[in-house]
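# Inside the fold
As a plain string of letters, each chain reads:
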Amino acid sequence: MSRVVTFAPGALFGEAAMLDGRARSATAVVAEDAVVFSLARGDIDALASTSPALAVKLLVNLGRQLSARLRQTTDTLRDLVDS
C-alpha cells in the first residue's frame, strides 16, 4: 500500500462517500495514535431537521473541502502532464 496523502490534526476525510452514499475511494490508516470522530449521513439529516442553518454551514464547508481537494488534484495532474 502506498501513501497518497498525510492529513494534519483536525483534517476531515471520507466526506465524498458520506455525501454520495458510494463506497469510499481510499482506506485511512493512522501513523500514530489518533482520536477520530465520525459523522454519518443520517446524522446530517437529523441535524437538518433540528438546526437547518447549522446543517447548511456544515454542508457548505464540506463542499469547500471537496472543492479544495479537487483543485489540488487537478494541479497535481497538470504538473504531471507538463513535466
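Residues numbered from 1 in each chain as written. Predicted model: local features only at pLDDT ≥ 70, side-chain atom pairs only at ≥ 80, totals over all residues. Heavy atoms only, no water.

Now for the overall build of the protein. What the protein contains, in helices and strands, is three helices and zero strands. Sequence-ordered secondary structure for the protein, helices as α and strands as β, is α-α-α. Over its C-alpha trace the protein gives a radius of gyration of 15 Å, far above what one expects of a compact globule, namely 12 Å for 83 residues. Along the first, second and third principal axes, the C-alpha atoms of the protein reach 50 × 30 × 25 Å. Burial analysis of the protein (83 residues in total) assigns 7% to the buried set. Pairs at least 24 apart in sequence give 52% of the contacts found in the protein among residues at least 6 apart. In the structure as shown, the protein presents an accessible area of about 7200 Å², 57% of it carried by carbon and sulfur atoms. The protein carries 9 positive and 9 negative side-chain charges, and their two centres are separated by 5 Å. (Helix = DSSP H or I, 4+ residues; strand = E, 2+ residues; numbered from the N terminus. Rg over C-alpha atoms; globule rule 2.2 N^0.38 Å. Buried < 20%, exposed > 50% of the residue type's maximum accessible area, 1.4 Å probe, protein only. Contact = heavy atoms within 4.5 Å. Areas by Shrake-Rupley, 256 points an atom, 1.4 Å probe, with all protein chains shown as cover. Lys, Arg positive; Asp, Glu negative; His and termini not counted. Charge placed at Lys NZ, Arg CZ, Asp CG, Glu CD.)

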